[in-house]
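# Structural description and commentary
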Amino acid sequence: MPDVVFPLDSTRRFTDQDKIGHNRWHPDIPPVATVKPGDSFRVHCREWFDGEIHNDDSADDIRNAPLHTVHALSGPFAVEGAKPGDLLIVDILDLGPIPQEDSGPLAGQGWGYTGIFAKPNGGGFLTDQFPDAYKAVWDFSGQKATSRHIPHVSFTGIVHPGLMGTAPSHDLLSTWNTREAALIATDPDRVPPLALPPEPNGAILGSLTGAEFERVAAEGARTAPPRENGGNQDIKNLTKGSRIFYPVFVDGANLSVGDLHFSQGDGEITFCGAIEMGGFIDLRVELIPGGMDTYGVSENAIFMPGNTDPQFSEWLAFSGTSVTLDGEQRYLDSQLAYQRACLHAIEYLTKFGYSPEQAYLLLGAAPIEGRLSGVVDIPNSCATVYLPTAIFDFPLSPTVDGPVRIDPGIGAPRSPA
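Residues numbered from 1 in each chain as written. Predicted model: local features only at pLDDT ≥ 70, side-chain atom pairs only at ≥ 80, totals over all residues. Heavy atoms only, no water.

In this section: the pattern of salt bridges. According to the stated counting rule, one finds 24 salt bridges in the structure shown. With a closest N to O distance of 4.0 Å, Lys83 and Asp251 form a salt bridge. Of this pair, Lys83 sits in the loop between strand E5 (74-79) and strand E6 (87-97) while Asp251 sits in the loop between strand E15 (243-247) and strand E16 (255-261), and the two are 168 residues apart along the sequence. Residue Arg330 pairs with Glu328 through a salt bridge whose shortest N-O separation is 3.2 Å. The class of Arg330 is partly exposed, set by a relative accessible area of 32%. Overall, the relative accessible area of 40% leaves Glu328 in the partly exposed class. The structure contains a network of salt bridges with shared partners spanning Arg13, Arg46, Asp50 and Glu52. (Salt bridge = Lys/Arg side-chain N within 4 Å of Asp/Glu carboxyl O. Helix = DSSP H or I, 4+ residues; strand = E, 2+ residues; numbered from the N terminus. Buried < 20%, exposed > 50% of the residue type's maximum accessible area, 1.4 Å probe, protein only.)

Mapped onto the elements, Pro188 comes out in the loop between helix H2 (170-185) and helix H3 (210-219). Judged by relative accessible area, which is 54%, Pro188 ranks as exposed. C-alpha of Pro188 to C-alpha of Gly112: the two residues are 76 residues apart in sequence and 34 Å apart in space.

Turning our attention to the domain arrangement of the protein chain. Domain parsing of the protein chain yields domain 1 (4-304) and domain 2 (315-415). For domain 1 versus domain 2, the distance between C-alpha centres works out to 27 Å. With 39 residues of domain 1 at the contact, the number on the domain 2 side is 36 residues. Buried surface at the junction of domain 1 and domain 2, both sides included, amounts to about 3200 Å², of which 66% is carbon and sulfur. Per-residue buried area on domain 1 facing domain 2 is highest for Phe125, Tyr134 and His152; these three make up 22% of the total on that side. In this assembly, domain 1 and domain 2 are joined by one salt bridge. Put simply, Asp132 and Arg414 hold a salt bridge, and the shortest N to O gap is 2.7 Å. Taken together, the connections running from domain 1 to domain 2 amount to 24 residue pairs in polar contact (both at pLDDT 80 or more). It is strand E8 (residues 133-141) that contributes the most residues to the side of domain 1 that touches domain 2, five residues altogether. (Domains from an automatic or database assignment. Contact = heavy atoms within 4.5 Å. Buried area = accessible area lost by both parts, 1.4 Å probe. Polar contact = N/O pair within 3.5 Å; in protein donor to acceptor, adjacent residues only side chain to side chain.)

This next bit is on the nonpolar core. Residues Trp138, Leu362, Leu387 and Phe392 are the most contacted members of the largest nonpolar core, which totals 79 residues. Looking at this core element by element, the count peaks at nine residues for helix H5 (residues 334-350). Residue contributions to this core reach at least three from each of two domains, namely domain 1 (4-304) and domain 2 (315-415). Once residues lying within four places of it in the same chain are set aside, the contact partners of Leu362 are Trp138, Ile150, Val153, Phe155, Leu349, Ile391 and Phe392. (Core = buried A, V, L, I, M, F, W, Y, C linked by side-chain atoms within 4.5 Å.)

Right under this line is the structure:
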């Protein structure tokens with residue numbers, strides 16, 4: 001096993017550990033450890049809400065989830081010799097739930113969760129159709145996930161980090177804050193908001209204290225969106241065996257990682273759409289000096305996905321076009337097309353006995369595939385969502401006999417917005 005450079009004690013809060021991570025992006029957050037090119041190392045990760053979500057049949061914790069505290073990131077880790085303009089190579093060697101802890105109160109101790117966020121607290125991809133909070137708890141058995149809240153499905157998790165990235169430079173951080181503030185200013189009272197500005201309340205900034213803490217807390221970028229440094233990309237195929245190439249913007253690169261997922265559908269459409277968990281990740285790092293210029297990788301991360309995904313051979317696919325629910329034509333709106341494809345899949349699953357909320361949670365958590373299938377045929381973009389049929393214990397395809405009616409069980413807990 002690689003050396004553990006960031007250990008976490010499951011009996012203690014994230015902020016009470018011997019090494020404290022962070023939940024904002026800023027170049028002045030000190031690294032918690034230094035690794036060398038060629039090193040392999042293990043990092044423990046806490047799920048993104050640091051234990052605020054519970055293994056129970058209530059969704060009140062999802063409704064009241066404290067967004068100002070996320071994400072609980074492990075790091076930063078300085079890479080010896082890394083300079084701005086380099087490419088940082090990160091290999092994902094292994095990852096999984098919290099080792100040797102198959103039961104307990106923390107997500108990752110044998111279980112994880114998926115949430116539909118209430119519209120006033122972040123919402124989701126389909127927040128206008130699903131404004132209330134819902135939750136599904138998933139139990140892990142080896143690589144399989146099942147849920148008492150969404151019965152009749154079982155699938156192998158594509159375990160991956162939802163969030164990994166390097167620290168921004170001061171100039172890049174200023175760019176982020178300026179452009180996102182301009183977006184917020186176009187509709188400052190929107191619910192949910194258009195973006196999340198810096199928020200000192202709830203900031204976790206490693207070992208910083210005093211005036212430095214206050215300054216960085218006032219400037220630090222929230223970790224919710226993906227950006228030029230990678231960040232919260234939520235790519236389900238960024239799993240074991242993947243190799244990622246991150247731009248380096250500061251000396252040492254200052255790599256951070258967290259937000260581990262046991263599984264996720266493309267798009268993480270419920271916002272808390274993956275199966276969230278804490279756990280471990282084993283990484284190896286290398287450097288390509290000057291690689292940002294050499295390969296033109298200056299404002300994005302590129303990656304080679306791993307080859308350990310479950311291999312599904314049969315799918316049922318749903319399509320959507322860029323026409324709103326009330327019949328308004330939009331021009332090549334691929335996001336709207338994907339929303340409509342997801343809504344078509346949800347409506348289809350309700351014919352078998354699932355509630356719309358169960359179906360929505362399932363699309364966020366199971367390894368569905370989302371695709372932009374046509375983006376040039378004006379005025380309609382076409383997007384598709386593929387459901388692997390093998391995850392269901394009943395026949396999913398249409399037949400002349402009509403859909404099988406399943407027992408939907410206790411359903412997904414709801415908490416009104």
